[in-house]
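Chain by chain, the residues:
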Amino acid sequence: GDLRYARWDGTTWVTATVDSGGDVGYYTSIALDAQGRPHISYSDWTNRTLKYARWNGTSWEVSTVDDAGSVGLYSSLALDGAGRPHISYYDFTNGALKYARREGSDWQLVTVESEGDVGYYTSLALDAAERPHISHYDLTHGNLRYSRWTGTEWRSEVADDAGNVGVYSSLAVDGAGTVHISHYDLGNRDLRYTRGRPRS
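Bear in mind the structure is a predicted one, so any value in this text is a computation, not a measurement.

What counts, and where the lines are drawn
- Residues numbered from 1 in each chain as written.
- Predicted model: local features only at pLDDT ≥ 70, side-chain atom pairs only at ≥ 80, totals over all residues.
- Heavy atoms only, no water.
- Buried < 20%, exposed > 50% of the residue type's maximum accessible area, 1.4 Å probe, protein only.
- Helix = DSSP H or I, 4+ residues; strand = E, 2+ residues; numbered from the N terminus.
- Pairing = 2+ DSSP bridges.
- Core = buried A, V, L, I, M, F, W, Y, C linked by side-chain atoms within 4.5 Å.
- Contact = heavy atoms within 4.5 Å.

**Some thoughts on the pairing of strand β8 (residues 85–91)**
For β8, the buried fraction is high: seven of the seven residues fall into the buried class. Pairing of strand β7 (residues 71–79) with β8, which is carried by six bridges, proceeds in the antiparallel orientation. In the strand pairing of β8, Ala-78 is matched with His-86. What sits between the antiparallel neighbours β7 and β8 is a turn of five residues, in which Gly-83 has the positive phi angle 80 degrees. Here β8 runs beside strand β9 (residues 96–103); their pairing, made up of six bridges, is antiparallel. Bridge pairing links Asp-91 to Ala-96 in β9.

Written out as C-alpha cells, the structure reads:
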C-alpha cells in the first residue's frame, strides 16, 4: 500500500518508497522540473485525499493537497516554467472535476465543473501561456469533456459525443494552441483521437 518511485541510472533501476502512510499511491502522475527532479500527484485511498510529493534533492517532501471529502482520483500533474505544480483530479463526493495550483506554500483549489458526474480520467497540460487545459470523462452522458482556463474564467464543453467516448483520455497542446486528445470509445472498443482549437 505504498507509493513507489523508480528511475534508470544508466545501469540499473533505482527504486524508493516515497510515501507509506496508509494505502497510498493510487492514480499517480509524474513530471520533472528544470533540475530533473520528480514531482508526483496521487491518491491516498486510506484518507480519500489528494496528495503531492516532490524530491528536493536530498529527500521526499510529502503534503496533502485536498482533503475536502473523497477526492484525488484520476490525478494529472504538470509543472509550469517556475516549477509550480498544477493538478487536475476527480472529486468523488460531488461528482466534479477539480483543479489545484500551488502558490508559494499554499494550494489554490477550484471546482472546474460539477454538472452531472464529470471529472473521470483527467489529463492536464499547460499551453504556451501556462494556462491549464483538461480532458475528462462525463459519466452521466458518456461524453469526452474539455475544460480550459481562459485567463479570467473556466470554460467547459463537449469535445466528442459520438457514442460512449472519452474514457482514459490523454491531452496535449501544441505550439499553435491546438488541443489533441486520445481516448477510448467504450461502445465500439476503439481508440479515438480528437483535436481542435479552443473557442474564444
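So, next bit.
**Description of the nonpolar core**
Core analysis: the largest hydrophobic core is formed by eleven residues, namely Ala-31, Leu-50, Tyr-52, Val-65, Val-71, Leu-77, Leu-79, Ile-87, Tyr-89, Ala-100 and Trp-107. Elements supplying a minimum of two residues to this core: β5 (49–55), β7 and β8. Here this core gets three residues from one element, more than from any other, and that element is β7. Once you skip the residues sitting within four places of it in the chain, Leu-50 turns out to touch Tyr-42, Thr-64, Val-65, Asp-66, Val-71, Gly-72, Ser-75, Ile-87 and Tyr-89.

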